[in-house]
Structure formats: structure tokens, C-alpha cells
Amino acid sequence: MCKRCQLIQHLELRFAELEKELADLRCNRELADLAQASFREIVCTPKVAREEIPDQTEILETVDFVAPDERVIFRTCEREKNHVVFQMILRTLVKGIIKPVTCKIRILPSVEETVKLVQRIESTGVAAIAVHGRIKEERPQHPVHCDTIKAIADAVSIPVIANGGSSEHVKVHSDIEVFQSLTGSSSVMLARAAMWNPSIFRKDGILPLEHVMREYIKYAVCYDNYHSNTKYCLCQMLREKMETPLGKRLHAAQSNQEICQVFGMEEYWKETQSALEIRKSAVELGRQETEEQPNDTDVIQLPVRFDKREYPPQITPKMFLLEWSRREKLPQPVYETVQRSLDRFFRSTVTVDGKQFRSTVWDKSKKLAEQSAAIVCLRTLGLPEGKIGEKESNLVNKRKREKEVPYEKIEEEDESAKSLSKKQNVATKNAML
């Protein structure tokens, strides 16, 4: 279902019966909220005493808002004047937000009708109004009604923004001021002229179209613009040249890369993609480091890394921490280690006597990460960690070997002891059960 049909169906459900609308006036806040959500999509035309249904509107004394397929979408009456949804929209917006609210319309068939409409809009408190100088049925090839826009500008005190002069009046930058003067407007709004060549806003003159298109493609590639949108804008710039070989190749392009190939910019696309991949990796790394920071503030952290060259082969910080815990008759230190998916580095948190300690530095292996966490704990507690040249400590006496044993082997023993301790705990629990 298209967006217009969805809107029509939605409005039918909300505004099918006049009696319900009158009841809603007593609690019109909900109605105003709906109006804010739907206002920009409303595509109906109010008609009084329509020829197709003359008796109904005359008998009911109503004003009907009718869709293009002649269905009555919204019906209002005199009692609802100044309260109907289409007026409540602007008043609610103006009162409800601190930003200036503006409105844009097309003109009605007569100058008098249009002026009355704009004056009603002005009474809602909007800061400015933009006026497209054509009626609903007119297309860009029809002349813009500068006289109607001027009549509006003379009739209201708020700024009037003139729109609709792209085809007929505005071709270069100096034409903007001329169009403003013809309409008596405060400023000018450009759509198609700016899409055809955005450099129309340059006071120094319009740039060559080829240069503008290539610059636009660079922005589209740099910001990964959706390729259909990129192609549409480029097609609007080419306009009558779409039947040329260049236009046909552009029309066939199905990605930004293919668009770059059409304009001989494939090398730029490759360079930009490489730069974006590098930036993506950096962003992911930074985000992952941020996300992996625990929310708890009780974890004590220091930027340290274990360097085994600073320790004797038979001594490690984990050994010192384990022996100190035993001497203090504390539970054995518990290590929890996480691995970062981006580079597969590790970081460990050690829990000792109910407190947690962690290094902010990521390590290449789980064992190194655990040693770093042990160092943080030892330094925080003011305990020796076993570094070469450190003052002798009785903590290591129980762990010294007659022969030098690599610290990796000692850690295996620690892990075995930890595993055995867990098994014993499980056995004890089972026995209790």
C-alpha cells in the first residue's frame, strides 16, 4: 500500500463520522497529536457544495475534504470552526515548541481565496509562510503567478518566501533578486534550479556542470549515500542529456561504484573505501573498548602490563598474590578473563577478599592478562610483586625451587590446584546433599 493510501485509510478511521469529531473537541489534545504526525502527508482538497454531491453538503451544511478518488476523508461544519484538525496543527506546534514554525502552501484558484487562507495561517502564530505560486493542478511548465504571491506579501505582516520560479525566472544567481522583487517577497526558495546545478547560489557565477557532478559524486561516495538517491540527483543534473551515451550508462548503474565507473572515478571510489575501512576499524575498536568497560565503579584499575623480563623465571605476580592470600587465610584469588573479538586480545579481572582489580591494558594471551591483573592488586595493596631487584620477601620462600622452573610451569600447577579445589568443593556439596 502506498504512503498516500495508508494516510487516507488512517484518516478515514479517525474522521469518518462528524459526530465523533464534535465529541473529540472536548478532549482535543489527542486530535492535535495526530495532526502533528500526519500534517505533511495530507493531500486532500476542501470543496464546498461539490457538484458531484450537491445535496449532501448543502443539507448537512458541511465542508468536505475529498481525496483524488472522490472519497470524503474529513467532514467539518460551522461548529468546528477554529477547532478542526487542520487549524489545530499550526496552533499546537506554535504553542508547543520553542523553534519557529513555518508553513508552505500552493495558491488557490483565486487571489481572494488565497489571501484569506494565508491570513488565517498567519493568525496561528507561524513565523513565516512559503508560497508556491501555482495551483494544485498546475505543473512546472505552467507560469508561476507572481502577482498572487505579491498580493499575499502585501496582505500579511509575516515574512513571505516565494517559490516556483526555477523554470521561468531563476537561471543564474542574479535572477534570484529579480524574482524576489517581482513577488515582493522577503526571500526566495529554490528547488529544481538548485537540483539542476547547486552552484546557482554562487555570486561569482555557475560552475560547469561536469565539475559540479564530479564534486557531488565525491560527497556521495564519502558519505556512502544510497546509490538510487545519488543516481536520481545526477539524472536531474543531466536533464535533456539523459539520452546521450553518458546518460544511458548512468541510468544503468546499480551502485555508487558503477556510478564512479561511468564518470571515470573508480580509483577515487577504491581510495575512499580503503579510508572508510580504516576509519571503521578505528571506530569499532574505540566503541568496543568503551562498551567493554564495566559499569561498576568498584573495580580498581591501573594501566600496567606484565613483562616477564622484569621477573625471575621462577617468580610471578600471581604466585606472590596466591601466597599472600594463603598467609592471610583468604579465599584463593579468582580470575575472570574476557577476549576482545576485534584483535583477540585479553583482559582479566582478579577478585581478592571481595575486591576486584584489573589492568586497563589488553594483553596478547590469557596468562599475561591474569599476571597484569595480579600486579594491579599487589600494587594497590602495597605488596611486593617479585620484580628483579625488589627487596627480599618471605612470600616467595615457600615457592622457591632447587631448580629453576619456568613460570609457565608454575602457573600450570596453580591452575591444577585451582581445579582440584573446585572439585573438592563440588564433592563437599554433593556429600551435604
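About the cut-offs
Residues numbered from 1 in each chain as written. Predicted model: local features only at pLDDT ≥ 70, side-chain atom pairs only at ≥ 80, totals over all residues. Heavy atoms only, no water. Helix = DSSP H or I, 4+ residues; strand = E, 2+ residues; numbered from the N terminus. Buried < 20%, exposed > 50% of the residue type's maximum accessible area, 1.4 Å probe, protein only. Contact = heavy atoms within 4.5 Å. Areas by Shrake-Rupley, 256 points an atom, 1.4 Å probe, with all protein chains shown as cover. Disulfide = S-S within 2.5 Å. pLDDT = per-residue confidence, 0-100. Axes fitted to C-alpha atoms, helices over the stretch in contact; angles between N-to-C directions. Parallel < 35°, antiparallel > 145°, perpendicular 65-115°, else oblique. Left-handed = near helix turned anticlockwise from the far one by under 90°. Salt bridge = Lys/Arg side-chain N within 4 Å of Asp/Glu carboxyl O. Pairing = 2+ DSSP bridges.

A word on the overall build of the protein
A count of helical and extended segments in the protein gives 17 helices and 11 strands. Every one of the 433 residues in the protein was classed for burial, and the buried ones make up 38%. A sequence separation of at least 24 residues applies to 59% of the contacts in the protein between residues at least 6 apart. Roughly 26,200 Å² of accessible area belongs to the protein as shown, and the carbon and sulfur atoms make up 53% of that amount.

Side note on the state of the cysteines
Here the structure, examined in full by the defined rule, presents zero disulfides. The closest cysteine sulfur to the non-disulfide-bonded Cys 235 is located on Cys 233, 9.3 Å from its own sulfur.

Quick notes on the confidence of the model for the protein
Residues of the protein with pLDDT of at least 70 account for 71%, and the chain-wide mean is 79. Scored below 50 in pLDDT, residues 7-55 shows 73 contacts in the model against residues more than four places distant or in partner chains.

Here we look at the packing of helix α15 (residues 317-327) against helix α16 (residues 366-381)
Where α15 meets α16, the closest approach of the two axes is 8 Å, and the angle between their N-to-C directions is 50°. As summarised for this structure, α15 and α16 are arranged oblique, according to the angle between their axes. Judged by the twist between their axes, the crossing of α15 over α16 is left-handed. Two secondary-structure elements touch here, α15 through Pro 317, Lys 318, Phe 320, Leu 321 and Trp 324 and α16 through Glu 370, Gln 371, Ala 374, Ile 375, Cys 377, Leu 378 and Leu 381.

Quick look at the pattern of salt bridges
Scanning the entire structure with this criterion turns up 11 salt bridges. For Arg 326, the salt bridge goes to Glu 323, with nearest N and O atoms at 3.6 Å. Note that Arg 326 and Glu 323 are positioned in helix α15 at a spacing of three residues, about one turn of the helix. When its relative accessible area of 41% is taken as the criterion, Arg 326 is described as partly exposed. A salt bridge links Glu 370 to Lys 366, with the shortest nitrogen-to-oxygen separation between them at 2.7 Å. Here Glu 370 and its partner Lys 366 are both found in helix α16, four residues apart, which amounts to about one turn of the helix.

Describing the sheet that holds strand β10 (residues 346-352)
Taken in spatial order, the four strands make up an open sheet running β8-β11-β10-β9, and their pairing is mixed. Looking at strand neighbours, the two that pair on one side only are β8 (300-302) and β9 (334-339), the edges of this open sheet. On average, adjacent strands in this sheet sit at an angle of 20° to one another, irrespective of strand direction. Contacting β9 and β10, α15 crosses the sheet at an angle of about 15° to β10. The strands touched by α16 are β8, β9, β10 and β11 (355-359); relative to β10, the strand with the most contacts, the crossing angle is about 40°.

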